[in-house]
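# Architecture at a glance
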Amino acid sequence: MKLFSLLLQRLTQATVVLFVISIIAFSVQNQLGDPLHERLALAVSEQERTLLREQIGLNDPFLVQYQRFLIRALHGDFGTSYFFKQPVTDVIMSKMPATVELVLLAGLLTFLLSVPSGMFCAIKPKNPLSHVMMGLSTLGISIPVFLTAIGLIYIFSIELQWLPSFGRGETTLIHNWETGLLTQNGLLHLILPCLTLTSIMLPLFLRLVRSEMIEVLHKDYVQFAWAQGLSAWTVWFRFGLRNTLLPLITVGGIQLGTFLAFTLLTETIFQWPGLGFLFLEAIERVDTPLITAYILFAGLLFVITNFIVDLLYLLADPTVHFSAKGTTCTSEPYA
Amino acid sequence: MTQFSHEKLLKLFLLFLAVSLLFSMKTFAEITVVYDADPVSLDPHEQLSGGTLQLSHMVFDPLVRHNQNLEIEPRLATSWTPTKSGALDIQLRKGVRFHSGREMTADDVIWTFKRIQTSTDFKGIFQPIKKIEKINAHQIRVITHKPYPLLLNILTYLFPMDSKFYSGKTANGKDKSLIIKHGDSFASQHTSGTGPYVITYREQGIRINFKRFQDYWDKQSVGNVQDIVLLPISENATRVASLLSGKVDFIAPVEPNDHSRIKRSSGLQLVTMPGTRIISIQMNQKQNAALKNKKVRQAINYAIDQATIVSKIMRGFATQATQMSPVLYLGHNPALEPRFDLDRARQLMLEAGYSKGLTLSMIAPNNRYINDEKIAEAIVNMLAKINITVDLRTMPKAQYWPEFDKCAGDLLMIGWHADTEDSANFFEFLQMTRDNKTGMGQYNCGHYSNPEVDDLVKRANSEMNPARRSSLLQQVEHILYKDAAFVPLHWQNLAWAAKDSLDIAPIVNAMNFPYFDQLKETAGAQ
């Protein structure tokens, strides 16, 4: 029952959100620049330009263009990219595997590294290793991502010549999913971009795990557990980690959504043919149909990730209840 | 028994030797070329851009082309003779095959010309040609509306296409020959030309694979590269890194910041060349009355120090300009001297009545020309020295061009490259009186209007004698200089970098169309 009401709630939310986003994206369109200038040589005459503008329908008033867009969108047609000459949905779908693989891998790496380290930093705060890890995490947050990327390229591609510096390498097509995980070449190409992304995600999650863990370890029920004589590992993992995981899921989910949609810098530097690179180039080229569709896609992505996060939360903590406004309230579950 | 096994052993050993030699023999196999972008389409007429033309030179052949000295050299046209009526009879090369196997004839050339006339981007260049007639299978007659001195320059853009390959309907019932700018077309994804390379694989934005065309007509070609992989890497640092890491063989463009790094690296070479793209500032006389005053415009010219911009901002990677025409062009006037003189500038401002100062607005792009934003900022500083306050707005090119179309600034930066590799093109677009009907002065945001200049350009455009034509064009440069019609800054240089094993110096040129048909890879390649 709870699941059903959650689903309904989220669906209505999604529709409203997407509708609002579409209006905003559309009204911003005119400020993005003139798509024709990218497509026509400077030497083309004014008459030709005006003709082409008419043909594409750029001269029609806002409401007419929006209406046309809306009607087509409701039929699943979100427009054709000026640059790729294909339906924008196809273009976005084709670039998705690259980003999904990169972000999920980086996320996994971040999770595997941040949880143990964060726990360690929380449990043994005075340990020199903890200080080192916290210091590194500050460094990681402060260094801009492109600097990390270029640094990694410099060390591992140019000097050591161990790893490739751009592209996805060899990919295998399985049904419609182009994966780089099945070839050695593809995996090698994944390493540097993945490390770069992890360098931004890791500091955040390390600190999050640490601070949540510290808070949990001060709670009453943990003190009771110590008093009861339960082993350290039981306290740390059954009580500490489990309760830490919940906020981690929330933050993690949102971060994942952000990275999936907007890993612009990392993808640009590594010429990684994913969604972020696609979006950045679309903006530079003023590929308006693609830009509008991508903004909608990003909105949809966030709605979906939020929904999944809430689902996971529900699974992890059945006592949680979701208020009508969509926030979550929970009592301390594991004691 | 022993003798037999010895013989067998010897044979095996020889076989082993042969096989291992075969494998260790250096096959000039595949080179990887990295540009900042891959071609937007495989259709040579869809978009007039550097990328499209670079591709055309690999997959197709033009009738004629410019060499490094900007002289015309024959390609698919072997010779040409003017007729009495003022037309040009052109002999086409025999025995030239398309990738599809068909032989190229006059029909293909004429078919291609007719298609160009339907191309939004290319029709303007070919406007002077009235029609092309077939005399026989390997001879055509090109007829212009009136005597036109740059006919051969235009024909460098005529890359004969396989008319049979591009005729008929696709599986979806669309005409194969259609040029579709904002849609999908057959020609944008399939090619059949006479060029040195055949496209074997293409994934937009990712990679194009080329294979040497075995039936290529140019048997004299020294080029020996069999396979080329073209990759786009938009980020400058990553592109250079790919060359430094040894993974790719040839990159372009190379930003000035990276030049010393490449020169320092062993096994790599950097080739640079003066370019023909002029970077200039226009002074909008219509929007700001002060700019109508010649003395003010001259003062601005005297206040801007092009030499310092070239040395400090461009790091020497540009050629200072006093006019529009680069050195190799007919209209280049060697008598025009650089004129940086702050005292003279202040004097002129005083004489013009603006010694108290003047405020001007300026717009410039920030991602179109090399160091465009920095140059604009330097100009702001330079003009401040003669009491001119400049309100600078810079923006990405996507937003800049609509602003430029409106001439929305007192000072506007614009770079121009002449499609015809000839001086008149500069004047037609940037200095002639604006005329919506004829399209002249389309980018003349200075609103400079001088009937003498207009007349000289018109006369030059029908003057067939190169010496007389040169003199007319040089006169135009002289007048523009005297009138301080605009502010010339510099011509951008071009740079390419590659492994030492690739002989790239002879194949590159000022138009940035590397002629890969002539690319030789030497032994000792890694």
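See the structure above.
Now for a description of the structure that goes with this document. Not measured: the values here are computed from a predicted model.

With that out of the way, let us pick up the state of the cysteines. Residues and elements named next belong to chain B. By the definition in use, this model includes one disulfide over all chains. Paired through a disulfide, Cys407 and Cys445 show a sulfur-sulfur distance of 2.0 Å. Disulfide Cys407-Cys445: the torsion about the S-S bond is -80 degrees, which places it as left-handed. With Cys407 in the loop between helix H11 (397-405) and strand E16 (411-416) and Cys445 in the loop between helix H12 (423-430) and helix H13 (451-460), this pair connects stretches of sequence that are 38 residues apart. With respect to burial, Cys407 and Cys445 carry one shared label: buried.

All names here are of chain B. When you tally the buried positions in strand E10 (residues 227-232), you get six out of six residues, the bulk of the element. Summarising the sheet, strand E1 (residues 30-35) and E10 pair through six bridges and their orientation is parallel. Considered in E10, the bridge of Val34 is made with Leu231. Pairing of strand E9 (residues 207-212) with E10, which is carried by four bridges, proceeds in the antiparallel orientation. Note that in E10 the partner of Lys211 across the bridge is Asp227.

Residues and elements named next belong to chain B. Taking burial as the measure, the eight residues of H12 include eight buried ones, the bulk of the element. Listed in full, the buried residues belonging to H12 are Ser423, Ala424, Asn425, Phe426, Phe427, Glu428, Phe429 and Leu430. Summarising the contacts, the buried residues of H12 are in contact with strand E12 (268-283), E16, H13 and helix H14 (466-483). Between a side-chain oxygen at the N-terminus of H12 and the backbone nitrogen of Ala424 the separation is 2.9 Å; the capping residue is Asp422.

Glancing now at the pairing of strand E4 (residues 77-82) of chain B. Residues and elements named next belong to chain B. Relative to strand E5 (residues 88-92), E4 runs antiparallel, the two sharing five bridges. Looking at the pairing, Thr81 lines up with Asp89 of E5. Connecting the antiparallel pair E4 and E5 is a turn made up of five residues, with Gly86 showing a positive phi of about 95 degrees.

This paragraph deals with the interface of chain B and chain A. Residue-level contacts link 44 residues of chain B with 45 residues of chain A. Roughly 3600 Å² of surface becomes buried between chain B and chain A when both sides are summed, with 54% attributable to carbon and sulfur atoms. Linking chain B with chain A are three salt bridges, by the criterion used here. Our enumeration of links across chain B and chain A arrives at 13 residue pairs in polar contact (both at pLDDT 80 or more). Elements with a minimum of two residues in the side of chain B that touches chain A: E10, helix H5 (236-244) and H11 of chain B. Element by element, the count of residues in the side of chain B that touches chain A is highest for H11(B), at six residues. Its residues assigned to classes, the side of chain B that touches chain A comprises 17 nonpolar, 14 polar and 13 charged.

All names here are of chain B. Here Ile251 shows up in strand E11 (residues 250-251). For Ile251, a relative accessible area of 0% translates into the label buried. With 244 residues separating them along the chain, Ile251 and Ala495 place their C-alpha atoms 9.1 Å apart. Other than its neighbours up to four places away in sequence, Ile251 contacts Val34, Arg239, Val240, Ser242, Leu243, Ile262, Trp496 and Ala497.

All names here are of chain B. Applying the stated criterion to the full structure yields 29 salt bridges over all chains. Residue Arg102 pairs with Asp162 through a salt bridge whose shortest N-O separation is 2.4 Å. With Arg102 in the loop between E5 and helix H3 (106-116) and Asp162 in the loop between helix H4 (151-155) and strand E8 (197-203), this residue pair connects regions lying 60 residues apart in the sequence. Judged by relative accessible area, Asp162 falls into the buried class, the value being 0%. The closest approach of N and O atoms between Asp422 and Arg469, which form a salt bridge, is 2.8 Å. Placement of the pair is Asp422 in the loop between E16 and H12 and Arg469 in helix H14, with a sequence separation of 47 residues. The class of Asp422 is buried, set by a relative accessible area of 3%. What makes Arg469 buried here is its relative accessible area of 1%. In this structure, a network of salt bridges that share partners links the residues Arg65, Glu73, Arg75, Asp218 and Asp517.

What counts and how
Residues numbered from 1 in each chain as written. Chains lettered and ligands numbered in written order. Predicted model: local features only at pLDDT ≥ 70, side-chain atom pairs only at ≥ 80, totals over all residues. Heavy atoms only, no water. Disulfide = S-S within 2.5 Å. Helix = DSSP H or I, 4+ residues; strand = E, 2+ residues; numbered from the N terminus. Buried < 20%, exposed > 50% of the residue type's maximum accessible area, 1.4 Å probe, protein only. Pairing = 2+ DSSP bridges. Contact = heavy atoms within 4.5 Å. Polar contact = N/O pair within 3.5 Å; in protein donor to acceptor, adjacent residues only side chain to side chain. Buried area = accessible area lost by both parts, 1.4 Å probe. Salt bridge = Lys/Arg side-chain N within 4 Å of Asp/Glu carboxyl O. Nonpolar A, V, L, I, M, F, W, Y, C, P; charged D, E, K, R; others polar.

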